[in-house]
Amino acid sequence: LPALIRKKRDGHRLEEAEIQSFMRGITQGTAQQAQIGAMLMAIRLRGMDMCETLALTRAMAASGRALAWPQAWHGRLVDKHSTGGVGDKVSLVLAPALASCGCKVPMISGRGLGHTGGTLDKLEAVPGFRVSLSPEEMRDALERVGCCIVGQSEELCPADRVLYALRDVTATVDSLPLITASILSKKAAERLSALVLDVKYGGAALCPTRDSARQLARSLVWVCSQLGFQGSAVLTPMSQPLGRRLGHSLEVLEALEALHGGGPPDLRHLVTMLGGLLLWQCGLAGSTEQGQQLLGAALDNSSALATFKAMLEVQGVPPSMAQLLCTGTPAQRWQVLGQASIQEELKAPQGGWVQQIEALPLAHVLHRLGAGRERAGDSINHRVGAELLVTAGQRLEEGDAWLRVHHDGGLDEEGRKALQAALCLTPEPPSSPPEFITEIILPTGH
């Protein structure tokens, strides 16, 4: 192992057999943590070419077992991955909508770490929801409902779990080959037919610029094609939050609005766009536009909502509670999810046009109020969150309420000041409406 670390440190490319032996060291426990950390830093500083990245992805996928599906599902197994954003509750809406259009969706999601919320944490705001399913239980859920949203099991890509935890503490999170291999090793183990990637960029995203997001998206789409499944990516800006509600319980409520055919336009647009791409890629729609229409119809005719309710039940939520959550009044939904003890409104300090509302300061303050974790394993408060009462392009007068913060105490003057700084007001209205999706990247030949 020291020879391999030296080789990468000095800028040479690693052979596939060398990468496999590094993975064996991780899974068999013969590689020391210091050695793994040194190799991660060497990869972060020296990079990997596309063939090395592909070999790393394959070796990580082979470190555990792969999921197996009935032959009849071949061609319809799909998933979506997002690089993480503020207010991103797309998975909660997209998985059941795709299942109601005929796809099988074995969605393996993550928890929040840092300022972005995790899909699993949002679903755990629903009492009884189980994110740990065995491969056999996943297959049963897909058989009965068409989708499930679960955490990474012990048996799936164990090498990724080791590397993921060490990347977080060795400042190597932002390495393009390590990001690509971490995302796609899990997807390769899912034995997918098609995958769509939502690569976010901007102030509150993993990729700071559109160029860096495009580079990551291209790497992901190319590796997908080499692994034998369809991959596509969309680039989406993440300087403003997605939707109007932030925080676990609040985001579940907004996802339910979208599943009822409503919800904020940016959320619906992203869900139908990503879903439309997947339906086209696996042949259930003749074009992405037709796929978008099919997905929009599933949201409008309540079939996606019925699938979401069935998914809640198959993953442990009592049927009476799932019924209240999906078809009850707003008061009944709050009853199921629980509400923070304080709802505090912030007022505009002066009049003006809303240019944008910055996601990062909002996420940082909510994190401190208990919505996020400092380290893996910390408990979180699902009730903490915020509602945006205005959107970009709106006119505000001094004293108008623009934000409602849900918390259980702890919001101090410093926190209020940080939240107020997220509101960007200008004397003139914004020159152009905000873009939801700026680019689509397809495999070469499409």
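Residues numbered from 1 in each chain as written. Predicted model: local features only at pLDDT ≥ 70, side-chain atom pairs only at ≥ 80, totals over all residues. Heavy atoms only, no water.

Participant: Got a minute to help me understand helix α5 (residues 90-100) in this structure?
Facilitator: Owing to its 3.6 residues per turn, the α-helix brings residues three or four apart onto one side. Along α5, 10 of the 11 residues are buried, which leaves the element largely enclosed by surrounding structure. Once α5 ends, the next one or two residues include Gly-102, with phi positive near 105°. (Buried < 20%, exposed > 50% of the residue type's maximum accessible area, 1.4 Å probe, protein only. Helix = DSSP H or I, 4+ residues; strand = E, 2+ residues; numbered from the N terminus.)

Participant: How should the nonpolar core be read in this particular structure?
Facilitator: Generally speaking, soluble globular proteins have nonpolar side chains that are buried together. Of all hydrophobic cores here, the largest spans 101 residues; its most connected members are Leu-98, Leu-362, Trp-402 and Leu-403. Residues lining this core come from more than one domain, with at least three contributed by each of domain 2 (71-327) and domain 3 (342-426). Dropping the residues within four chain positions of it, Leu-362 is found in contact with Pro-241, Leu-246, Ile-357, Leu-388, Trp-402, Leu-403, Leu-419 and Ala-422. Membership of the second largest hydrophobic core comes to 22 residues, among which are Leu-4, Ile-36, Leu-166 and Ala-181. (Core = buried A, V, L, I, M, F, W, Y, C linked by side-chain atoms within 4.5 Å. Domains from an automatic or database assignment. Contact = heavy atoms within 4.5 Å.)

Participant: Please clarify how the environment of Glu-345 should be interpreted in this entry.
Facilitator: Mapped onto the secondary structure, Glu-345 falls in strand β7 (residues 342-347). Sequence separation between Glu-345 and Ala-401 is 56 residues, and the spatial gap between their C-alpha atoms is 6.1 Å. Sequence-distant contacts of Glu-345, defined by excluding residues within four places in its chain, comprise Leu-389, Ala-401, Leu-403 and Arg-404. A distance of 2.9 Å separates a polar atom in the side chain of Glu-345 from a polar atom in the side chain of Arg-404. (Polar contact = N/O pair within 3.5 Å; in protein donor to acceptor, adjacent residues only side chain to side chain.)

Participant: Could you clarify how one ought to interpret the sheet that holds strand β9 (residues 385-388) in this entry?
Facilitator: Sheet strands line up and pair through hydrogen bonds in the backbone, either parallel or antiparallel. Pairing is antiparallel across the open sheet formed by four strands, whose spatial order is β6-β9-β11-β7. The open sheet has two free edges, formed respectively by β6 (245-246) and β7, since each of these has just one partner strand. Where helix α18 (residues 413-420) meets the sheet, its contacts fall on β7 and β11 (401-407), and the angle it forms with β7 comes to roughly 50°. (Pairing = 2+ DSSP bridges. Axes fitted to C-alpha atoms, helices over the stretch in contact; angles between N-to-C directions.)

Participant: Any chance you could explain the pattern of salt bridges here in plain terms?
Facilitator: When the charged atoms of two side chains with opposite charge come close together, those side chains can pair. This structure, assessed with the given rule, holds 30 salt bridges. Two residues, Asp-49 and Arg-13, come together in a salt bridge whose shortest N-O distance is 2.8 Å. Of the two residues, Asp-49 is situated in the loop between α3 (33-46) and α4 (50-61) and Arg-13 in the loop between α1 (2-9) and α2 (16-28); the sequence distance between them amounts to 36 residues. Judged by relative accessible area, Asp-49 falls into the partly exposed class, the value being 32%. Put simply, Glu-439 and Arg-214 hold a salt bridge, and the shortest N to O gap is 2.9 Å. Separated by 225 residues along the polypeptide, Glu-439 in strand β13 (residues 439-441) and Arg-214 in helix α10 (residues 210-227) bring together distant segments of the chain. Salt bridges sharing partners connect three or more residues here, namely Arg-245, Glu-257, Glu-345, Glu-387 and Arg-404. (Salt bridge = Lys/Arg side-chain N within 4 Å of Asp/Glu carboxyl O.)

Participant: Help me out: how do you make sense of the sheet that holds strand β12 (residues 423-426) in this one?
Facilitator: Taken in spatial order, the three strands of this open sheet run β10-β8-β12, and their pairing is antiparallel. Since the sheet does not close on itself, it has two edges, and those belong to β10 (395-396) and β12, each with one partner. When strand β8 (residues 352-357) meets β10, the two strands line up antiparallel, connected through two bridges. Looking at the pairing, Gly-352 lines up with Leu-396 of β10.

Participant: I keep staring at the packing of helix α12 (residues 265-281) against helix α13 (residues 288-300) and nothing clicks. Help me out?
Facilitator: With their axes 7 Å apart at the nearest point, α12 and α13 run at an angle of 125° to one another. Compared by their axis directions, α12 and α13 come out oblique. In this structure, α12 crosses over α13, and the sense of that crossing is right-handed. Side by side, α12 and α13 meet where Arg-268, Val-271, Thr-272, Met-273, Gly-275, Gly-276, Leu-277, Leu-279 and Trp-280 of the first sit next to Thr-288, Gly-291, Gln-292, Leu-294, Leu-295, Gly-296, Leu-299 and Asp-300 of the second. (Parallel < 35°, antiparallel > 145°, perpendicular 65-115°, else oblique. Left-handed = near helix turned anticlockwise from the far one by under 90°.)

Participant: Just to check I follow, could you spell out the state of the cysteines for this structure?
Facilitator: Here, disulfide denotes a covalent bond that connects the sulfur atoms of two cysteines. Under the defined criterion, the tally for this structure stands at zero disulfides. Not part of a disulfide, Cys-147 finds its nearest cysteine sulfur in Cys-148, a span of 7.1 Å. (Disulfide = S-S within 2.5 Å.)

Participant: Explanation requested: the pairing of β8 in the structure shown.
Facilitator: A regular strand places its side chains on the two faces of the sheet in alternate fashion. Here β8 pairs with β12 via four bridges, running antiparallel. Among the inter-strand pairings, Gln-356 is bridged to a residue of β12, identified as Cys-424.

Participant: Quick question: what am I supposed to make of the domain arrangement of the protein here?
Facilitator: Think of interface size as the accessible area that goes away when the parts come together; that is how it is often given. As far as domains go, the protein holds domain 1 (1-47), domain 2 (71-327) and domain 3 (342-426). The straight-line distance from the C-alpha centre of domain 1 to that of domain 2 is 31 Å. Between domain 1 and domain 2, the residue contacts involve 11 residues of the former and 13 residues of the latter. Across the interface of domain 1 and domain 2, roughly 1,000 Å² is buried in total on both sides, 83% from carbon and sulfur atoms. When the buried area of domain 1 at its contact with domain 2 is split by residue, Ile-26, Leu-40 and Arg-44 rank highest and sum to 48% of it. (Buried area = accessible area lost by both parts, 1.4 Å probe.)

Participant: Honestly, the side chain of Asp-160 in this entry has me stumped. Any pointers?
Facilitator: Counting through the fold element by element, Asp-160 comes out in helix α8 (residues 158-169). Only 2.7 Å separates the side chain of Asp-160 from the side chain of Ser-182, close enough to count as a polar contact. In this structure, Asp-160 is in contact with Met-60, Gln-152, Ser-182, Ser-185 and Lys-186, ignoring residues within four places of it in sequence.

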